Every structure is written in structure tokens, then in C-alpha cells.
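Chain and residue survey
So you can see what is in the structure, the chains are spelled out below.
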Amino acid sequence: MKRSIALILFALLLAGTPSAFAQKAARSAAPNFGNVEGVTAKQLKDYLTFIASDELEGRDTPSRGLDIAAMFIAQHLSRWGVKPGGDNGSYFQKVPLRLNKIDAEKTRLEINGVTYSYGKDFLASQLPANISGSNLVFVGNGWLIRSKNINPYEGIDVKDKVVIVVNSLPKGITFNDLKGPVGDDWMSPPYYAQKNGAKAVIAFSTFGSLANWEGAKWNQADKGLVEFGKQQAQITIPTITVTPRVIASMFAGEKASGGSLFTRSITGEAMESFDLKATKKVAASIGVKTENIHTQNVIGIIEGSDPVLKNEYVAIGAHYDHVGTNPFAAGDDKIWNGADDDGSGTVSVLSIAEAIAKGTQRPKRSFLFIWHAGEEKGLWGSEYFADNPTVPIGSIITELNIDMIGRYQNPGDENHPQNKNLPKPGEVFTIGSRMMSTELGELSDSVNRSFLALAFNTKYDDPKDPEQFFYRSDHFNYAKKGIPIIFYMDGSHADYHQVSDSVEKINFEQMEKVARTIMATGWTLANAAKRPTVDKPLPASVTGN
């Protein structure tokens, strides 16, 4: 009996041995994604708690808070031994900007001999101008919309005059009715005025603009207007917004009073265009102070191990700016912290860089980690890098862009008018993986299947999608250069560009899964035998080139 039991136990032990070997073999055959487990929810939360804190003041471009964020990123890269990839051996690539502020002392308005004060009686766009002795013409809403048979300029000549408009769209018209580029089917009041030789536009204030008067003044004269690039401004004549006091004085003795025109603008009643009395003149000076300033992209490089392939790069990027503060905003909270947008992408790139830097393995190709400034202003940082790359632009084999991956549906969100569009847990929206390169899409899907098997939702993966997400983040400037891209995001939600986009709403466990998947994809690209083939170049209709 004892001998039989011993034989049975021995047989069971032998039977179990192949299974153990098989499990070991299976483990050894599992995909290698480097130190991917070095990206953790705790690490992401620690970094984001700082990046999206009130102390960074919403990380506007440019701002003190954005500079502090740049220093925070650079200090961590330096501590981990990540090579600087910016200008002159630094982590920073300077991005030149221009700052324009209204010079209140050199800004004045005089109508019919009465002088008005900037900030008290009127505000002005930051466009320098000197106007002397011009006549005035009232043109109602001032919008020309041919498809709707709206033309307030019938029989009106605006050349060398100052055009007066009520600040609203014509009755029954929304911005969705403005089809095609400006100047074709439709023209805004400033566009028409400029195109037809007017000197300036005077706009009625509205209830909304009066309520935000001090905030608008702060934006014009204190904060200022920041510009980037060499593009010429489409509108070069100023718009002057005036208070009811100025409106009443301006229309005194005219065929319609300022008060009646203001009321009609609210009710939507038709308004006749007419020239004001020829004896009524306007003179104005708009003084603008211009200063050359800069912001910065932050760039780090981890060199590959292969003597040839290390000259190629997998770029992983995010924008680290947000929209800043507004001391005149309603409510107690004046800071737009941007935890999801794009604090989540910022710290994901940082965590991926840390995991690779601290790993025991080195990829064959190099990694380029880039944090773009100015995305919220119009993709400024990525445009500057793409046009002024710190590594040969053709050496970047793929750009993986992370912009908002911190939010996912919570119970009840499926019925929320905005949050219902968030991805479900275990899901992420992806754009572009197959748009330019079939091979990149296949590699992305293969990595995902063999790793965490997220649900890649391609709902927005089309340049023609109404949301236009393909054009709205930094990957677009890489795609324009022929670099295949993948864009990872959670779409939009109720806290998008609100002061409520804060850290406590971030799902760090789901964010960890997405960030790890992105790292695994980048790692596989860095070790692939060849770079992804671009077999579907973007057409000029998409790139605008």
C-alpha cells in the first residue's frame, strides 16, 4: 500500500514537471518591453500633484508657472542621466515670442470734439493706429453673409471711414452658418472694413463685455497679447469697444439714437445702415508696447545601444502648458490647473523617461522626449521644433503624442451630456496609427494584444471628423513633416478648459495602463529591425502644405 502511494506521488510529480517547464518557457517567450513596470500610478500621481498645483498658476504660455514646470522636468531628467536635447547643451529649446500690450498713456479716442479715456470709456485691440478726422458710418451687425443674402453695406462706402457695429450676429445666424474661409461666402465686420479701406471698427459693448470690462482691460494692458511666428495678422486695423456713454454721445442728433440701436441689437430687429453727420469726426491713437520674449520646449534624449540605429529616434511628447489664470473670473477659483489637459500627458512622458533611464536594458534606437510649450495657443512649440529640430527631423521614425489620458467614465457618466463621451475603463481613443503607415498600425495593435489588451477606440480617427482632433494637438506638426504618429487621448469632458480640471478627478490606475502601453509601443519601435514605412503620405488637403 505504501509502495503504491509512493509510486502515485512520484508519477504526479513527474506529470507536473513538464507543466512547470512549459510555464517557464512561456514566461521567457513573453514580449520584452524593458522596464515598463517602472511606470506606476503612484509615480504619476506624485508628479501630477505638483504639475497641476495652484503654485504653477495654470502653466500659461509664457508664464512663471510654465518656467517652473520646465525646471521641474529638466531637474528630473538630469538626475536620471537623460542627455539634454535642447539648445547649447541644455534641456531647453527657446521658442521666440512677441508680447504686445496697450500703452494706456498713448491711447486716446476723440469723437466730435469729446475726448474719452482708455479703460474707462473704451477698450482697444492691440493693433497700433493713428486716425485723424475720419467720418463715421453705422452698418448694423456688420456681417456680410452671401449665402443668407445678408449685406449691410448695400449703397454704403466705408473707405477712409470708421465703421460702427453692434457687437452681435444677425438674427437667426450662428457661427455654424459661416461656411468656408473668411472672404469667400462671408466676411466679419473687421475683415470687410479692412478689405474695403476703412480705418477702424468701433463696436458697441454688450452686457457680457461690460460685466468682464476689467478683465478685458487686464488682458489688453497688463497681461498682453502674445504672438508667435512670422505669419502676418489677418486683421491689421483696430477694433475699439465703447461703453454706453460713448454710444449715446456718438449718435446724438442722428437718425437713430444709440439707445434704440442697442435695444435692437438685443431684440434682433433689423437696423438700417447710414452715414453719421459729415461734421462728426473721429480721431484715435492706439499705442502698443511690443517686447521680444521667449518660452521653451523641454527636450531629453536617451541614446540607443546600436551604433547605427541610435541615430534614429522614437519621439514621445506632450504639451506641458495650459491656459493660466484669470483674476477676474467669477467664483473663488481663478486658476485653470489643467490636470488632465495636459498634466496627464506631461507626467506620463516624464514617467516613461524615468522608467527607461532606470532600466537595465537599453533600446537599439534612441528616445527623444519632448514637452511642447504653447499648444493651447495654437501648437506653437511643436511647430517651432518641427521647423527648427534639435535632431535631424528625418531621423524621427515615429511621434507618440499624449494629450489628456487621465479621465475615464465613472458610474453615471454614461448619462452625463458631456462625460458620456469619455472612454470606458480599459479603453483609450487613438488617432493616426494607420493614417500614414500600415506597419505602424499593425505594430501598435500587436503590442497591445500581447500586453494589456486595451480597447483602442478609433471613433475620432479621421481628419474629417467633426471634432477635428487630428488637427488639435502637437502630433499634427510632426505628421506635416511626413513622420507617422499615434495620438492617445480621452477626448473631451465637462471639466475640459475649466477650473475644475483638477488632480482628484484623475484615474491613475487607468492612466498607468495607457502610459505603459505607450511605453511598450515606443520600446518595440526602438528595437524593430526597420522603421515604419510611410505608405500613405498625407495629402496637401490635410497638411496645408
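Here is a short report on the structure shown in this document.

Reading the values: the criteria
Throughout this document, residue positions are counted from 1 along each chain, in the order its sequence is written. Where local features are concerned, this predicted model is filtered to residues with pLDDT of at least 70; where side-chain atom pairs are given and counted, the filter is 80 or more; whole-chain, interface and lining totals use all residues. Computation of side-chain values: all heavy atoms of the structure, hydrogens and water removed. Side-chain atoms within 4.5 Å link the members of a nonpolar core, which is a set of buried Ala, Val, Leu, Ile, Met, Phe, Trp, Tyr and Cys residues. Type-normalised accessible area, obtained with a 1.4 Å probe on protein chains alone, sets the label of each residue: buried when under 20%, exposed when over 50%, and partly exposed for intermediate values. The helix count covers DSSP runs of H or I at least four residues long, the strand count covers runs of E at least two residues long, and both are numbered beginning at the N terminus. Any two residues whose heavy atoms approach within 4.5 Å are treated as being in contact. Of all possible arcs, the one meant is that of the directions from the helix axis to the C-beta atoms. Just so you know, the count uses Lys and Arg for positive and Asp and Glu for negative, and it drops His and the chain ends. We define a salt bridge as a contact between a side-chain nitrogen of Lys or Arg and a carboxyl oxygen of Asp or Glu at a distance within 4 Å. Two N or O atoms count as a polar contact when they lie within 3.5 Å, although within protein this holds only if one can serve as hydrogen donor and the other as acceptor, and sequence-adjacent residues are included solely when both atoms are side-chain atoms.

Regarding the nonpolar core
Counting 64 residues, the largest nonpolar core has Leu77 and Phe369 as the members making the most contacts within it. Take this core: its biggest share by element is ten residues, from helix 14 (residues 508-527). Among all residues touching Phe369, those that are not within four sequence positions of it are Val298, Ile299, Gly300, Ile302, Ile316, Val349, Ile352, Ala353 and Ile356. In terms of nonpolar packing, the next biggest core, distinct from the first, is built from 35 residues, Val166, Phe251, Ala256 and Met271 among them.

Here's the deal with helix 2 (residues 41-51)
Along helix 2, the positions that sit buried rather than exposed are Ala41, Gln43, Leu44, Tyr47, Leu48 and Ile51. One side of helix 2 carries all its buried residues, which in axial view fall inside an arc of 155 degrees. Of the surrounding secondary structure, the elements contacted by the buried residues of helix 2 are helix 3 (64-79), helix 9 (339-358) and helix 14.

Description of the side chain of Asp321
For Asp321, the position within the fold is in the loop between strand 17 (313-319) and helix 9. One buried charged residue, Asp321, remains without a salt bridge, the closest side chain of opposite sign being Arg59 at 7.1 Å. A polar atom in the side chain of Asp321 sits 3.4 Å from the side chain of Thr61. Within polar-contact distance, the side chain of Asp321 engages the backbone nitrogen of Gly374 at 3.4 Å.

Re the pattern of salt bridges
Oppositely charged side chains can form a pair if their charged atoms are brought close together. Summed over the entire model, instances satisfying the criterion amount to 22 salt bridges. Put simply, Lys199 and Asp160 hold a salt bridge, and the shortest N to O gap is 3.8 Å. With Lys199 in the loop between helix 4 (189-195) and strand 11 (200-204) and Asp160 in the loop between strand 8 (144-145) and strand 9 (162-165), this pair connects stretches of sequence that are 39 residues apart. Under the relative-accessibility criterion, Asp160 is labelled partly exposed at 40%. Where salt bridges share partners, they join Asp60, Lys223 and Lys377 into one cluster.

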